[in-house]
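Close look at the chain arrangement
This is what each chain is made of:
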Amino acid sequence: MTNRDRIDRLRKNKDLPDEDFLALLEPLPEEDLAFLRTSALEVCRETFGRTVYLRGLIEFSSFCKNDCLYCGLRRSNTRADRIRLDLPGILACCARGYGLGLRTFVLQSGEDPFFTDERLCTILSAVKEAYPDCALTLSVGERSHESYAAFKRVGADRYLLRHETADLTHYGALHPAEMSGSARQDCLFDLKALGYQVGCGMMVGSPYQEKGHLLSDLRFMQRLGPHMIGIGPFLPHRDTPFADRKSGSLDETLKLLALLRLMFPRVLLPATTALGTLDLMGREKGLLSGANVVMPNLTPAGIREKYLLYDGKIGVEDQAEKCCRDLKQRLEKAGFEVSVCRGDAPDWSAKEIK
Ligand code: SAH
Ligand code: SF4
C-alpha cells in the first residue's frame, strides 16, 4: 500500500492498523506530507468551515512544585522568576479579553500549592459571575477527583491536561520518579467522567521519543476520546537538563496535527504558541494542516515573560490588544474566519454532565 492509500483509508475509516500508522510516522516524502495536510484541511472544513476559534490564555502563576525535566518552570530551575496574579489581576485580564471579543478564558499555571481548592474556587466563581456567557478552561495540572469536582461545580467547563506521552517508560524518562504517567492518564478519565470537555496531548520530538511512542499516543487518544488535543513541538529551555536537546521538527508536528484531524474530525485542535515559536508562520501552517483553534495571550506584560516553558517564546513583549489584533489580521489574511464565540466541542452537550 502507498502512503496515499493509507491517508485515504485513514480519512475514510478514522483508523489504521498499527503497521500503517507506523509507516506514516516515518519521515514522509514532501508530496505525501502535502497530500496528508490537504486531506486534513478538507476534513476540517467539512466540519468547521473556515472558522478558527480564539481562546484567551491567562498564565496566572509561574510557581510549580513539579520537576518535569523539559520545562522552564520546573522547581529545580532556581533561575526562573516566579510570579502570580491575584484575583483582581485575573479579572483585569478577562476584562481585556472580553473587550477584544473573546468568550473563552484559559486559566493556566504551574502546579502552585498557593492556589488551594478554596482559592481557585473563589477565582473561578468570580470570573464566572462576571462573565456568565464565557467558557472557562482550567489547566493547572493533576489534582484529586474532589478538587476537579469542586472546580466543576463553581463553573469550570473544560480542562487541559496533556498526557505528555502515553508510553509509561518514555514518561519516566521525561519526569522525576515521583511523577506517574498512569496517574496523569487517570486524571483525564476522571475529568471526562465529571462532565468536563477534556484536552490531552503530547510534545512532538521530545527527548527519547520514538515512533512507537507516538503510536501509543494515538491509541491512548482513541481510548480517551478527548474533546480537545493540544500538541506542539518540544522546545529546549536553557536552564533545564534538556537544554542541549534539539527541538521537535515543524514537519513532524504538522504531520501529527493532520493525522489527528483525520482520526478525530470534530476535535478542537489548537495551533499552539510553541508551533508559532518554532516557525514564524507555524500557527498558520498548523491551521492549514487541520488545526482550528488559536490562543492569544492575555497575560499582562511583566508576567508573561516570566512564564517561560521553553526558550524563544513569541509575543512576550506584546500587549494583549496587539497580540489579538495581529493574530486576527494574520488569520484573515491566510483565509480563515475568526470566531470569538464560546466554541464548545461539537459533540459536547450539557447532558454529558454526571
Ligand atoms: N502545569 C500545567 C500547565 C502548564 S504546562 C501542566 O503541566 O499541565 C503546559 C504544557 O506545556 C505542558 O503540558 C507541556 O506539554 C508544555 N511544555 C512544557 N515545557 C515544554 C517545552 N520545553 N517545550 C514544549 N512544550 C512544553
Ligand atoms: Fe510544572 Fe507543568 Fe512545567 Fe511540569 S510542565 S514543570 S507541571 S508547569
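My aim in this report is to walk through the structure given alongside it, one point at a time. (Residues numbered from 1 in each chain as written. Chains lettered and ligands numbered in written order. Predicted model: local features only at pLDDT ≥ 70, side-chain atom pairs only at ≥ 80, totals over all residues. Heavy atoms only, no water.)

1. Quick word on the overall build of the protein chain
Scanning the protein chain for helices and strands turns up 13 helices and 11 strands. The C-alpha radius of gyration of the protein chain comes to 19 Å, within 12% of the 20 Å expected for a compact globule of 354 residues. Here the protein chain, with 354 residues, has 58% of them falling under the buried criterion. For the protein chain, restricting intrachain contacts to residue pairs at least 6 apart in sequence, the fraction spanning at least 24 positions comes to 76%. Put simply, the protein chain shows about 14100 Å² of open surface, and 52% of that area lies on carbon and sulfur atoms. Averaging the positions of the 49 positive and the 49 negative side-chain charges in the protein chain gives two centres separated by 3 Å. (Helix = DSSP H or I, 4+ residues; strand = E, 2+ residues; numbered from the N terminus. Rg over C-alpha atoms; globule rule 2.2 N^0.38 Å. Buried < 20%, exposed > 50% of the residue type's maximum accessible area, 1.4 Å probe, protein only. Contact = heavy atoms within 4.5 Å. Areas by Shrake-Rupley, 256 points an atom, 1.4 Å probe, with all protein chains shown as cover. Lys, Arg positive; Asp, Glu negative; His and termini not counted. Charge placed at Lys NZ, Arg CZ, Asp CG, Glu CD.)

2. Topic: the site of ligand 2
In the vicinity of ligand 2, the residues found are C64, N66, C68, Y70, C71, R74 and G110. Here the residues of the shell around ligand 2 sort into four nonpolar, two polar and one charged. (Near = heavy atom within 4 Å. Nonpolar A, V, L, I, M, F, W, Y, C, P; charged D, E, K, R; others polar.)

3. Section: the pairing of strand β2 (residues 56-61)
Where a strand is regular, its side chains alternate between the two sheet faces. Where burial is concerned, most of β2 is hidden: six out of the six residues are buried. Of the strand pairs in this sheet, β2 and strand β3 (residues 104-109) are connected by five bridges, and their pairing is parallel. What sits directly across from S61, in β3, is S109. In the classification by handedness, the crossover that spans β2, the intervening helix α4 (residues 87-99) and the parallel β3 is right-handed. (Pairing = 2+ DSSP bridges. Right-handed = clockwise from strand over helix to strand, strands pointing away.)

4. Topic: the packing of helix α2 (residues 18-25) against helix α10 (residues 250-263)
Put simply, α2 and α10 touch, their axes get as near as 11 Å, and they point 150° apart. On α10, the residues touching F21, L24 and L25 of α2 are E252, K255, L256, L259 and M263. Residues belonging to the contact of α2 with α10 are distributed by class as follows: six nonpolar, no polar and two charged. (Axes fitted to C-alpha atoms, helices over the stretch in contact; angles between N-to-C directions.)

5. So, the site of ligand 1
The local shell around ligand 1 holds 17 residues, among which Y70, R162, E164, R184 and L235 are the closest. One of the backbone N or O atoms of S109 is found 3.0 Å from a nitrogen atom in ligand 1. Coverage of ligand 1 by the protein amounts to 92% of the 540 Å² it exposes when considered alone. Looking at side-chain class alone, the shell around ligand 1 contains nine nonpolar, five polar and three charged residues. (Polar contact = N/O pair within 3.5 Å; in protein donor to acceptor, adjacent residues only side chain to side chain.)

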